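Residues per chain are reported as follows:
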Amino acid sequence: MKGYKFSLPRFYWLLFIPFFVGTSYKALFFDWHIQTYTFHELEDFGRYVMILATSLIEAFIYLLIFRLIVYLLQLVFRQSNRNHS
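Residues numbered from 1 in each chain as written. Predicted model: local features only at pLDDT ≥ 70, side-chain atom pairs only at ≥ 80, totals over all residues. Heavy atoms only, no water.

Asks: Just to check I follow, could you spell out the nonpolar core for this structure?
Replies: Considering soluble globular proteins, one finds that nonpolar side chains tend to be buried as a cluster. Among the nonpolar cores identified, the biggest contains six residues, and these are Leu8, Tyr12, Leu15, Phe16, Ala59 and Leu63. Of all the secondary structure elements, the ones that give two or more residues to this core are α1 (10-31) and α2 (42-84). (Core = buried A, V, L, I, M, F, W, Y, C linked by side-chain atoms within 4.5 Å. Buried < 20%, exposed > 50% of the residue type's maximum accessible area, 1.4 Å probe, protein only. Helix = DSSP H or I, 4+ residues; strand = E, 2+ residues; numbered from the N terminus.)

Asks: Would you mind showing me how to read α1 here?
Replies: Residues lying three or four places apart along an α-helix face the same way, a consequence of the helix completing one turn every 3.6 residues. The terminal C-alpha atoms of α1, which comprises 22 residues, lie 30 Å apart, in line with the 32 Å expected from a rise of 1.5 Å per residue. Residues of α1 that are buried: Tyr12, Leu15, Phe16, Thr23, Ser24, Ala27 and Leu28. The secondary structure elements touched by the buried residues of α1 are α2. A positive backbone phi angle near 50 degrees is found at histidine 33, which sits one or two residues after α1. (Expected span 1.5 Å × (residues − 1). Contact = heavy atoms within 4.5 Å.)

Asks: Could you clarify how one ought to interpret the packing of aromatic side chains in this entry?
Replies: What describes a pair of aromatic rings is the distance from one ring centre to the other and the angle between the planes of the rings. Tallying each qualifying case throughout the model produces nine aromatic pairs. Taking the centre distance of 5.7 Å and the plane angle of 75 degrees together, the rings of tyrosine 25 and phenylalanine 30 count as edge-to-face. Relative accessible area serves as the criterion here: at 48%, tyrosine 25 is assigned to the partly exposed category. Judged by its relative accessible area of 52%, phenylalanine 30 falls in the exposed class. Members of the aromatic cluster, joined through ring pairs, are Phe11, Tyr12, Phe19 and Phe66. (Phe/Tyr/Trp six-rings, centres within 6.5 Å; stacked < 30°, edge-to-face > 60°.)

Asks: Please explain unusual backbone geometry as it appears in this structure.
Replies: Trans peptide bonds make up most of the peptide bonds, and negative phi angles are found at most residues other than glycine. With a phi close to 50 degrees, histidine 33 is a non-glycine residue in the positive phi region. Within the secondary structure layout, histidine 33 lies in the loop between α1 and α2.

Asks: Would you explain the pattern of salt bridges in this entry?
Replies: Where charged atoms from two side chains of opposite charge come close, those side chains can pair. A complete count under the given rule lists two salt bridges for this structure. When the shortest N-O distance is used, the salt bridge between aspartate 31 and lysine 26 registers 2.8 Å. Its relative accessible area of 45% is what places aspartate 31 among the partly exposed residues. By relative accessible area, lysine 26 is classed as partly exposed at 39%. (Salt bridge = Lys/Arg side-chain N within 4 Å of Asp/Glu carboxyl O.)

Shown next, in the form of structure tokens:
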């Protein structure tokens with residue numbers, strides 16, 4: 001869409017931080033078992049960057065799903081308030 005500007009309220013950007021920290025922690029220590037790797041080569045640094053990048057994308061997807069749920073709940077409550085008025 002030409003001219004569409006995507007924006008999220010500040011609350012959601014602040015909520016993004018715990019989502020990112022949680023997904024990064026899970027990815028680093030439980031999914032990839034990063035404690036078994038060393039940090040002696042550039043390949044190891046690339047592995048950390050890849051893990052953090054995928055965690056960033058995953059956290060953003062979780063944030064969008066959370067935002068969708070909030071939006072749908074707002075629609076439901078607005079319609080229920082209109083019906084009772």
